[in-house]
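Summary of the model geometry
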Amino acid sequence: MKQKSGVFRLKSTGHKWEGKVLAVLFMGLCVGSLVFMLSNYSEINLIMAAGKEGNEKEREDGVMGRRAKIAFLFIARNRIPLDFVWDEFFRVETENRFSVFVHSRPGFVFSSSKTMSSYFLFRQVNNSIQVDWGGASMIQAERILLENALMDPYNARFVFLSDSCIPLYNFSYTYDYIMSSSTSFVDSFSDVKEGRYNPKMHPIIPVQHWRKGSQWAVLTRKHATAVVKDNKVFPVFQLHCRRKSLPEFWREKPLPAEPWKEHNCIPDEHYVQTLLDQGIEGEITRRSLTHSSWDLSGSKDRERRGWHPVTYKFADATPELVQSIKGIDNIYYETENRREWCMSNEKPFPCFLFARKFTRPAALRLLNTSALQLSN
């Protein structure tokens, strides 16, 4: 009887120890998961702070008498078809307050035979990649442009532009507008459409930080540095943010086996917005300075329907069009029930400094009719 009793006590003690071990393991797993999430958040926030040195450099430049510069960052397929418009825009600036960088296809060189403007001569970045619309290669091209532009310590603002963009105002007005604000201009709003956010992005990108907007942003040096140094959010976009398969008449590849499981994620519409939504709301003006028209309801032209904004053609290019864009002073964000009134130094200002998408004939007509008054 004593032996049986001893065996029973031994088994009971064993069960107690097993329970304690399991409890410790469970607590360790919970703590480990919490530490993992906090470490990711802290690393992202450290990246956000990485540009502090750049901001201090801007202040030093002012003391030394050097004028801070705006870096104009063009994303192009090949040439800059509207280089003649930008030539007029840059020509009046005599104080060396800008720099130009172009990301074009690999191997494309902006020689005198490829551009009409001296401001674009050999301004291509030499480490460009092949860019596919709707893929992570687009945001990689943005990072390459920023990396090159950050090499110049006097570049204080970084403006993303497409090869179909035009300036709406002269250089001095544009420079003063951008430099008078201490914030970045990033079109950013909460995205509530199902299928955009991929749950696999968690915990690096929590759904509450998921944002959408136009890729045509204006960044401060601090935020440009944060984008270049980011090694947390960008890899997640590469893995889990992909464009949904195109409609039948556009598609180049067969539909996937289970198309209903696809997430229609366009990386350049989410990356910068989501990366910078990390507790720095006061450092960002949540709107773009580049106008695009998505009102396709009245268009009978099939080419104008789809996933891209309106392309303005020769017949559209009138002084009235330019004035209508300049007259916009607020933007409404339906998903947030938010109206963004466009201000500068607490005074009402036009919302947009640039506009797209313009064909070459349309831009030429605007210049010839003096609809664009780019001289000081």
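Our subject is the structure listed above.
In this report, the structure presented in the accompanying data block is examined. (Residues numbered from 1 in each chain as written. Predicted model: local features only at pLDDT ≥ 70, side-chain atom pairs only at ≥ 80, totals over all residues. Heavy atoms only, no water.)

**Concerning a nonpolar patch on the surface**
Nonpolar side chains collect at one region of the surface, where Val109, Leu121 and Phe122 lie side by side and expose about 240 Å² of accessible area between them. With respect to the element layout, Val109 can be found in the loop between strand S2 (98–103) and helix H4 (137–149). (Patch = residues over 30% accessible without salt bridge, like charges linked within 9 Å, V, L, I, M, F, W, Y side chains within 5 Å. Areas by Shrake-Rupley, 256 points an atom, 1.4 Å probe, with all protein chains shown as cover. Salt bridge = Lys/Arg side-chain N within 4 Å of Asp/Glu carboxyl O. Helix = DSSP H or I, 4+ residues; strand = E, 2+ residues; numbered from the N terminus.)

**Description of the pairing of strand S1 (residues 69–75)**
Counting buried positions along S1 gives seven out of seven residues, so the element sits mostly inside the fold. By the bridge criterion, seven bridges tie S1 to strand S3 (residues 155–162) in an arrangement that is parallel. Paired with Ile70 across the strands is Arg157, a residue of S3. As a crossover connection, the stretch from S1 through helix H3 (residues 83–91) into S2 is right-handed. (Buried < 20%, exposed > 50% of the residue type's maximum accessible area, 1.4 Å probe, protein only. Pairing = 2+ DSSP bridges. Right-handed = clockwise from strand over helix to strand, strands pointing away.)

**Some remarks on helix H9 (residues 319–326)**
Those residues of H9 that fall on the buried side of the exposure criterion are Leu321, Val322, Ile325 and Lys326. Along the long axis of H9, the arc covered by the buried residues comes to 135 degrees, so they all point the same way. As for H9, its buried residues are in contact with strand S10 (290–291), strand S15 (354–355) and helix H10 (360–368). (Arc of directions from axis to C-beta. Contact = heavy atoms within 4.5 Å.)

**Thoughts on the packing of H3 against H10**
The N-to-C vectors of H3 and H10 enclose an angle of 35 degrees; their axes lie 9 Å apart at closest approach. Seen from H3, the contacting residues are Asp83, Phe84, Val85 and Glu88; seen from H10, they are Arg360, Ala363, Leu364 and Leu367. Class assignment for the residues of the contact of H3 with H10 results in five nonpolar, no polar and three charged. (Axes fitted to C-alpha atoms, helices over the stretch in contact; angles between N-to-C directions. Nonpolar A, V, L, I, M, F, W, Y, C, P; charged D, E, K, R; others polar.)

**Overview of the pattern of salt bridges**
Going through the model one piece at a time under the given rule, you end up with 14 salt bridges. With its nearest N and O atoms 3.4 Å apart, the salt bridge here joins Arg67 to Glu95. With Arg67 in the loop between helix H2 (52–64) and S1 and Glu95 in the loop between H3 and S2, this residue pair connects regions lying 28 residues apart in the sequence. Linked by salt bridges that have partners in common, Arg286, Glu336, Arg338 and Glu340 make up one network.

**Let's talk about the sheet that holds S15**
Spatial strand order, S4-S15-S10: three strands in an open sheet with mixed pairing. Where the open sheet ends on each side, the last strands, each with one partner, are strand S4 (166–167) and S10.

**So, the state of the cysteines**
This structure, assessed with the given rule, holds two disulfides. Two residues, Cys241 and Cys265, share a disulfide whose sulfurs are 1.8 Å apart. Residues Cys241 and Cys265 are joined by a disulfide whose S-S torsion is about -85 degrees; by sign, that bridge is left-handed. One end of the pair, Cys241, is in the loop between helix H7 (233–240) and helix H8 (271–275); the other, Cys265, is in the loop between H7 and H8, with 24 residues separating them in the sequence. The class for Cys241 is buried, based on a relative accessible area of 1%. Given a relative accessible area of 0%, Cys265 falls into the buried group. Through a disulfide, Cys342 is tied to Cys351; the S-S separation comes to 1.8 Å. Between Cys342 and Cys351, the S-S torsion sits near 90 degrees, and that sign places the bridge as right-handed. Both residues of the pair, Cys342 and Cys351, belong to the buried class. (Disulfide = S-S within 2.5 Å.)

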